[in-house]
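# Summary of structural features
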Amino acid sequence: EGDSLWISYTDGSVIDSVIFGEQYSVVSHGRYPNGTGDFQELFPTYNDKNVLSNEQLLTETIFIFPNPANDEVNIKLNGNASMEIQMFGMDGRTVIPTFSTNGAGMISLDISQFSGGVYHVHVRSDDEEITKKLIIANN
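Residues numbered from 1 in each chain as written. Predicted model: local features only at pLDDT ≥ 70, side-chain atom pairs only at ≥ 80, totals over all residues. Heavy atoms only, no water.

## A look at a nonpolar patch on the surface
Note the threshold: Patches were defined on residues exceeding 30% relative accessible area and lacking a salt bridge, with like-charge contacts within 9 Å and nonpolar side-chain contacts (Val, Leu, Ile, Met, Phe, Trp, Tyr) within 5 Å. Shrake-Rupley sampling with a 1.4 Å probe provides the accessible areas, and residues are treated as covered by the protein chains on show and by no other component. Salt-bridge detection follows one rule: a side-chain nitrogen of Lys or Arg within 4 Å of a carboxyl oxygen of Asp or Glu. Each helix corresponds to a stretch of at least 4 residues labelled H or I by DSSP, and each strand to a stretch of at least 2 residues labelled E; elements are numbered beginning at the N terminus.
Among the surface-exposed residues, Leu5, Ile7, Tyr9 and Ile15 lie close enough to one another that they form a single nonpolar patch of about 410 Å² accessible area. Its location among the elements puts Leu5 in strand 1 (residues 3-8).

## A short note on the nonpolar core
As a reminder, the rule being used: Within this scheme, the nonpolar core is defined by two criteria: the residues are buried Ala, Val, Leu, Ile, Met, Phe, Trp, Tyr or Cys, and they are joined through side-chain atoms within 4.5 Å. Throughout, exposure labels follow a simple rule: accessible area from a 1.4 Å probe, protein chains only, divided by the maximum for the residue type, with under 20% read as buried, over 50% as exposed, and the rest as partly exposed. Should any heavy atoms of two residues lie within 4.5 Å, those residues are considered in contact.
The biggest cluster of nonpolar side chains holds 21 residues, and the ones touching the most others in it are Ile62, Ile75, Leu77, Met87, Phe114, Val121 and Leu134. Those elements giving two or more residues to this core turn out to be strand 5 (62-65), strand 6 (72-77), strand 7 (83-89), strand 8 (94-101), strand 9 (105-110), strand 10 (117-124) and strand 11 (129-136). Beyond its immediate sequence surroundings of up to four residues, Leu134 is in contact with Ile64, Pro66, Asn67, Ala69, Val73, Met87, Gly117, Val118, Tyr119 and Val121.

## Points about the sheet that holds strand 10
Going by this rule: Being paired, for any two strands, means DSSP has found at least two bridges between them. Axes, fitted as lines to C-alpha atoms, cover a helix only where it is in contact. Angles between the N-to-C directions of the axes lie from 0 to 180 degrees.
The antiparallel open sheet is built from four strands, whose spatial order is 8-7-10-11. Edge positions in the sheet fall to strand 8 and strand 11, since each has one partner strand and no second. Sheet twist, expressed as the average angle between the axes of neighbouring strands with direction ignored, equals 15 degrees. Relative to strand 11, strand 10 runs antiparallel, the two being bridged by eight bridges.

## Some points on the environment of Pro68
In this structure, Pro68 sits in the loop between strand 5 and strand 6. Distance in space between the C-alpha atoms of Pro68 and Val118 is 9.2 Å, their sequence separation being 50 residues. Discounting chain neighbours no more than four positions away, the residues touching Pro68 are Ile135 and Ala137.

## Comments concerning the side chain of His122
For clarity, the threshold we go by: Distance and chemistry together define a polar contact, namely a pair of N or O atoms within 3.5 Å, with one atom able to donate a hydrogen and the other to accept it when in protein, and with adjacent residues in sequence counting only for side-chain atoms on both sides.
Along the chain, His122 falls in strand 10. Classification of His122 as buried rests on a relative accessible area of 13%. At 2.9 Å, the side chain of His122 forms a polar contact with the side chain of Glu129. Contact partners of His122, with chain neighbours within four places excluded, come to Glu84, Ile85, Gln86, Phe88, Glu129, Ile130 and Thr131.

## A closer look at the packing of aromatic side chains
The cut-off we apply is this: Pairing of aromatic rings covers Phe, Tyr and the six-membered ring of Trp, with a centre-to-centre limit of 6.5 Å; geometry is then stacked below 30 degrees between planes, edge-to-face above 60, and tilted otherwise.
Under the defined criterion, the tally for this structure stands at two aromatic pairs. When the ring of Phe114 is compared with that of Tyr119, the centres are 5.8 Å apart and the planes differ by 25 degrees; the resulting orientation is stacked. For the pair Phe114 and Tyr119, a shared accessibility class is recorded, and that class is buried.

## Observations concerning the pairing of strand 1
Sheet topology note: the strand 1/strand 2 (residues 14-20) ladder contains six bridges and is antiparallel. Residue pairing for strand 2: Leu5 is matched across the bridge by Val18. Connecting the antiparallel pair strand 1 and strand 2 is a turn made up of five residues, with Gly12 showing a positive phi of about 95 degrees.

## Quick look at the sheet that holds strand 6
The strand order across the open sheet formed by three strands is 5-6-9, and the pairing between neighbours is antiparallel. Every other strand in the sheet has two partners, leaving strand 5 and strand 9 as the edge strands with one partner each. Strand-to-strand twist in this sheet, taken as the mean axis angle between neighbours without regard to direction, amounts to 20 degrees. Of the strand pairs in this sheet, strand 6 and strand 9 are connected by six bridges, and their pairing is antiparallel.

Function cannot be read off these values alone, since they describe shape.
Encoded structure:
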């Protein structure tokens, strides 16, 4: 719902601070340029410097993040056609049955009950089929 963060010296003088609104799992809040600019909403850049856009996220037909994932994974679809998505374990078993989407958009999947390991996310449209690797880090 929002909060504030203050970094200060032991005498109480403020080094830096930020007041922020509600946070979302698919949007980052940080300084751009990295570490020096104003705070703003950014694309998530897990364990990397802040950037205004993520070319991969914007241009690939399917972009999966975070990867590795723990409890939830996001699938960003950039195609205009309807797509069918399913997810398989390394042994070939279906762990998420086929479901359809109406084209571009963001899908969040609850993977909290899945065992850690490597999985495959398969996307099929009229024009192409793409399979991407997803690593689930759950124990």
